[in-house]
Amino acid sequence: MTTTRRRTLLLGAVLSVSLAIAACSPSGGGGSGAEAPPESASATDLQAALDAGGGITIWAWEPTLKQVVADFQAKYPKVKVNLVNAGTGNDHYTALQNVVKAGSGIPDIAQIEYFALPQFVLAKSVADLKGFGADKLEGTFTPGPWNSVRSGDGIYGMPMDSGPMALFYNKEIFDRHEIEVPATWEEYIEAARKLHAADPKAYITSDTGDPGFATSMIWQAGGRPYKVEGSTVSVDFGDAGTRKFTTAWQRLVSDKLIAPINGWTDAWYKGLGDGTIATLVIGAWMPANLETGVKAGFGKWRVAPMPQWESGGGATSESGGSSLAIPEASPSKALAYAFLKYAGVDEGVRTRLDGGAFPATTAELASKTFQDKKFPYFGDQRVNRILAESAGQVVPGWSYLPYQVYANRIFNDTAGKAYVGGVTLQDGLKAWQDASIEYGREQGFSVR
């Protein structure tokens, strides 16, 4: 997840999901002339599509795909791939929704983040990949990404990467103040107190309200605020897992132990470099961002397992990550799926790893080469060992709303108020819940 993508996710833009509800009717399918999904496409069928050649268009912003496309075209010279950056995050989704609604200009493949995929599944805008054999790939991917591309008995995207969470910390600062690396959230809160007492300019982390972080923390704590069954959804932030998070994080907010600095800003990067922001609890895609954006932190940072809600636990959650999906109206589904398989399962995985991506595939995560890689930025620590372990500990059963893009946009107008005082985090989440329910009903969902 790049800096631009993260900023876009946080800022957001309204995405109408009325199209999704309309698509639940029989007339809500893709554009005319689209290739019907096969009953069952074999490897021979995919090879035949590659041999016949043709052109496909991909809408994606992920930078490592540029080399994947080049390698794919070199291997299959009869195939021409048009890689288009139609925007990042919400700009991309707005453009995609517009062409789907217009019925023209639709790409053959689109990058869709895991939290946004349910919106396009419900709208029947993306194809079920089961007919191409995607259901045979269970076990190829770690549980978090694999569950994120499934809906009912369908599979609607090829996992491209993942973001299992871990604790990134400034070892130099921890050593200076004789702070132990926290293994639990209670220890994390105590570390925050000790650090700020020792240096009032230093904070354990920063947080001014981030919907992705909040939901990931609730996910790890066992919370399940969202339940989705087609166009019937429920939103409830009153469950025990949510309260675990709000109770703990409220202590940090109330005692002013968190830096009031927005993520991905110049001040945030400066704090990570000079030690005034000492930790990040974030996805496995973070190493490359630290290496390029926080050069002053070279050799100072390390990675540890995500703190646990209970001593001795082994539960994590995901933050970020994307799939590659095939729009239902694509006229070249077989050729598009051949690219998906190349990029997500075959040679393209190695290309993306070499470019700095974090894999969603179990084979790469378990490989000795991957796990033994030393990171000079992190003092030659074998960071991937911790991140790979986290990927296997993601708590199952999480769901996003079919209008999560919009819900994330209004987080700071509701729950975000708790970070500046006046309301508690629990009350802020209740306001987010109420606003999400109201919006869902306005869009035609049945919301509990």
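Residues numbered from 1 in each chain as written. Predicted model: local features only at pLDDT ≥ 70, side-chain atom pairs only at ≥ 80, totals over all residues. Heavy atoms only, no water.

A. A look at the overall build of the chain. Of regular secondary structure, the chain possesses 20 helices and 15 strands. Against the 2.2 N^0.38 benchmark of 22 Å for 448 residues, the chain shows a C-alpha radius of gyration of 22 Å, consistent with a compact globule. With respect to the principal axes defined by its C-alpha atoms, the chain has extents near 65 × 50 × 35 Å. Considering only residue pairs separated by 6 or more positions, the chain has 77% of its internal contacts joining residues 24 or more positions apart. (Helix = DSSP H or I, 4+ residues; strand = E, 2+ residues; numbered from the N terminus. Rg over C-alpha atoms; globule rule 2.2 N^0.38 Å. Contact = heavy atoms within 4.5 Å.)

B. Spotlight on helix α20 (residues 425-442). Over its 18 residues, α20 runs 26 Å from end to end, which matches the ideal 26 Å to within 8%, given 1.5 Å per residue. For α20, every residue scored as buried is listed here: Leu425, Gln426, Gly428, Leu429, Trp432, Gln433, Ser436, Ile437, Tyr439 and Gly440. Where α20 is buried, its residues meet α10 (211-220), β9 (226-229), β10 (232-235), α11 (240-254), α19 (404-409) and β15 (446-447). Backbone geometry just downstream of α20 places glycine 444 in the positive-phi region, at approximately 100 degrees. (Expected span 1.5 Å × (residues − 1). Buried < 20%, exposed > 50% of the residue type's maximum accessible area, 1.4 Å probe, protein only.)

C. Geometry of helix α5 (residues 89-102). Over its 14 residues, α5 runs 20 Å from end to end, which matches the ideal 20 Å to within 8%, given 1.5 Å per residue. Among the residues making up α5, those that are buried are Gly89, Asn90, His92, Tyr93, Leu96, Gln97 and Val99. Positive backbone phi, approximately 80 degrees, marks glycine 103, located one or two places after α5.

D. Layout of the pairing of strand β1 (residues 54-59). Where β1 lies against strand β2 (residues 79-84), six bridges are found, and the strand directions are parallel. Residue pairing in the sheet places threonine 57 in a bridge with asparagine 82 of β2. For the crossover that starts at β1, traverses helix α4 (residues 65-75) and ends in the parallel β2, the hand is right-handed. Relative to strand β3 (residues 109-113), β1 runs parallel, the two sharing two bridges. Pairing of isoleucine 58 across the sheet is with isoleucine 109, part of β3. (Pairing = 2+ DSSP bridges. Right-handed = clockwise from strand over helix to strand, strands pointing away.)

E. A look at the packing of helix α9 (residues 185-198) against α11. Packing of α9 against α11 brings their axes to within 11 Å, and their N-to-C directions diverge by 0 degrees. Considered as vectors, α9 and α11 are oriented roughly parallel to each other. For the pair α9 and α11, contact is made by Trp185, Glu186, Tyr188, Ile189, Glu190, Ala192 and Arg193 and by Ala248, Trp249, Arg251 and Leu252, respectively. For the contact of α9 with α11, the class distribution of residues is seven nonpolar, no polar and four charged. (Axes fitted to C-alpha atoms, helices over the stretch in contact; angles between N-to-C directions. Parallel < 35°, antiparallel > 145°, perpendicular 65-115°, else oblique. Nonpolar A, V, L, I, M, F, W, Y, C, P; charged D, E, K, R; others polar.)

F. Looking closely at unusual backbone geometry. We note that lysine 256 has phi near 55 degrees; this positive angle belongs to a residue other than glycine. Residue placement: lysine 256 occurs in the loop between α11 and β11 (258-259). The exposed category is assigned to lysine 256, whose relative accessible area is 62%.

G. Examining the nonpolar core more closely. In terms of nonpolar packing, the biggest core is built from 110 residues, with Ile112, Trp249, Tyr337, Phe339 and Trp432 touching the most fellow members. The element contributing the most residues to this core is helix α14 (residues 333-344), with nine residues. Leaving out residues up to four positions away in the same chain, tyrosine 337 has contacts with Leu46, Leu129, Phe132, Gly133, Ala134, Leu137, Met158 and Ile326. Counting 30 residues, the second-largest nonpolar core is a separate cluster that includes Trp268, Ile282, Leu387 and Ala388. (Core = buried A, V, L, I, M, F, W, Y, C linked by side-chain atoms within 4.5 Å.)

H. Main features of the pairing of β9. Direction of pairing for β9 relative to β10: antiparallel, over a ladder of four bridges. Along β10, the bridge assignment pairs glutamate 229 with threonine 232. Hairpin connection, β9 to β10: the antiparallel pair is bridged by two residues, and glycine 230 has positive phi, about 65 degrees.

I. Representation of the environment of proline 225 within the structure. With respect to the helices, strands and loops of the structure, proline 225 is situated in the loop between α10 and β9. With near-sequence residues (within four places) excluded, proline 225 lies in contact with Ile218, Ser234, Val235, Asp236, Phe237, Asp239 and Trp398.

J. Broad picture of the confidence of the model for the chain. Confidence in the prediction of the chain, expressed as mean pLDDT, is 91, and 91% of residues score 70 or more. Within the model, the stretch residues 1-39 combines pLDDT values under 50 with 101 contacts to residues more than four positions away or in other chains. (pLDDT = per-residue confidence, 0-100.)

K. Region of interest: the sheet that holds strand β12 (residues 279-283). Across the sheet, which stays open at both edges, the three strands sit in the order β12-β7-β13 with antiparallel pairing between neighbours. Every other strand in the sheet has two partners, leaving β12 and β13 (301-305) as the edge strands with one partner each. The average undirected angle you get between the axes of adjacent strands in this sheet is 30 degrees. Relative to β12, helix α13 (residues 286-293) is tilted by about 130 degrees, and along the sheet it contacts β7 (165-170), β12 and β13. Each of β7 and β13 is contacted by helix α18 (residues 383-391), which is oriented at about 30 degrees to β13, the strand it contacts most.

L. Representation of the packing of α14 against helix α15 (residues 347-354). Two elements in contact, α14 and α15, have axes separated by 4 Å at closest approach and are oriented at 50 degrees. Judged by the inter-axis angle, α14 sits oblique to α15. Residue-level inspection shows Tyr342, Ala343 and Gly344 of α14 in contact with α15, the latter providing Glu347, Gly348, Val349 and Arg352. Broken down by class, the residue content of the contact of α14 with α15 amounts to three nonpolar, two polar and two charged.

M. Region of the structure containing the packing of aromatic side chains. Summed over all chains, the structure comprises 33 aromatic pairs. Between tyrosine 188 and tryptophan 249, the ring centres sit 6.2 Å apart and the planes meet at 15 degrees, which makes this aromatic pair stacked. In this pair, tyrosine 188 is assigned in helix α9 and tryptophan 249 in helix α11, connecting sequence segments 61 residues apart. Across the pair, tryptophan 249 and tyrosine 188 agree in class, each one buried. Look at tryptophan 264 and tryptophan 268: their rings are 4.6 Å apart centre to centre, the planes differ by 45 degrees, and that puts the pair in the tilted class. Judged by relative accessible area, tryptophan 264 falls into the buried class, the value being 3%. Aromatic rings pair up to connect Phe115, Trp219, Tyr226, Phe237, Trp398, Tyr400, Phe411 and Trp432 into one cluster. (Phe/Tyr/Trp six-rings, centres within 6.5 Å; stacked < 30°, edge-to-face > 60°.)

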